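# Geometric and topological summary
What follows is the residue order along each chain.
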Amino acid sequence: MAGVKAVITSDIGPKLAGLIQNVEHPAPLFGVINEYLLQAHRTRFKQQVSPDGKAWQALSPRYAKTKRRNADKILTFRGFLQGTLRGQYDDKGLEFGTNSQYGAIHQFGGDIKRKASQRDLYFRQGKDGSVGNRFVKKKKSNFVQTVNVGPYTIRIPARPWLGTSKADEATILQKTQRYLQNAIATRNAL
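Residues numbered from 1 in each chain as written. Predicted model: local features only at pLDDT ≥ 70, side-chain atom pairs only at ≥ 80, totals over all residues. Heavy atoms only, no water.

## Here we look at the overall build of the protein chain
Helix and strand content of the protein chain: six helices and six strands. Its helices and strands taken in sequence order, the protein chain reads α-α-α-α-β-β-α-β-β-β-β-α from the N to the C terminus. By the burial criterion, 24% of the 190 residues in the protein chain qualify as buried. The long-range fraction of contacts in the protein chain, counting pairs at least 24 apart against all pairs at least 6 apart in sequence, stands at 65%. As displayed, the protein chain has an accessible area near 14200 Å², and 54% of this comes from carbon and sulfur atoms. (Helix = DSSP H or I, 4+ residues; strand = E, 2+ residues; numbered from the N terminus. Buried < 20%, exposed > 50% of the residue type's maximum accessible area, 1.4 Å probe, protein only. Contact = heavy atoms within 4.5 Å. Areas by Shrake-Rupley, 256 points an atom, 1.4 Å probe, with all protein chains shown as cover.)

Right under this line is the structure:
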């Protein structure tokens, strides 16, 4: 550039340096967002709603009848799915979700096709030789019957549980803004 040169000085240099440092290395920000997402998803499991606030489809009456523990809870047999929520983050980004093999089918729904098989059913045989009509555990059984089970399909309805709502996105944006404001303020205090 020929002819004219302007030199501008102000205290914005240190502020920008702090902002640039925190933008170039945002892992701490992603950690804050990760913690927020964990809490938001735990709340969603308690409320049994999708990210957009819609209630999850109810359990089928047949399945609900067989479910002993947490019979009124959807997607909560023993709490495994909720317990697999994880976030991995570094300066390049944040990945949040589950490594559970059944997480996707609950999110998107689908069919599980079971092949024909044989199964052992365990009963208790009385002293008179009669066999009861109730199943018992193997260790309490004294009578076993092998049965053929034909192929069948289990249909799992979609129950979206992973994702963010508009409110979540607004909160994440606020946390990002606060993070950047703190970066400028911290640098300015130096």
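## Describing the pattern of salt bridges
Evaluated as defined, the whole model comprises three salt bridges. Put simply, K54 and D52 hold a salt bridge, and the shortest N to O gap is 3.9 Å. The same class applies to K54 as to D52, namely exposed. For the salt bridge of R155 with D111, the shortest nitrogen-to-oxygen distance reads 2.9 Å. Note that R155 is positioned in strand β6 (residues 152-156) and D111 in strand β3 (residues 110-114), a separation of 44 residues in sequence. (Salt bridge = Lys/Arg side-chain N within 4 Å of Asp/Glu carboxyl O.)

## Quick word on a positive patch on the surface
A cluster of basic residues, R68, K137, K139 and K140, forms a positive patch on the protein surface. Relative to the elements of secondary structure, R68 occurs in the loop between α3 (61-66) and α4 (80-83). Given a relative accessible area of 79%, R68 falls into the exposed group. (Patch = residues over 30% accessible without salt bridge, like charges linked within 9 Å, V, L, I, M, F, W, Y side chains within 5 Å. Lys, Arg positive; Asp, Glu negative; His and termini not counted. Charge placed at Lys NZ, Arg CZ, Asp CG, Glu CD.)

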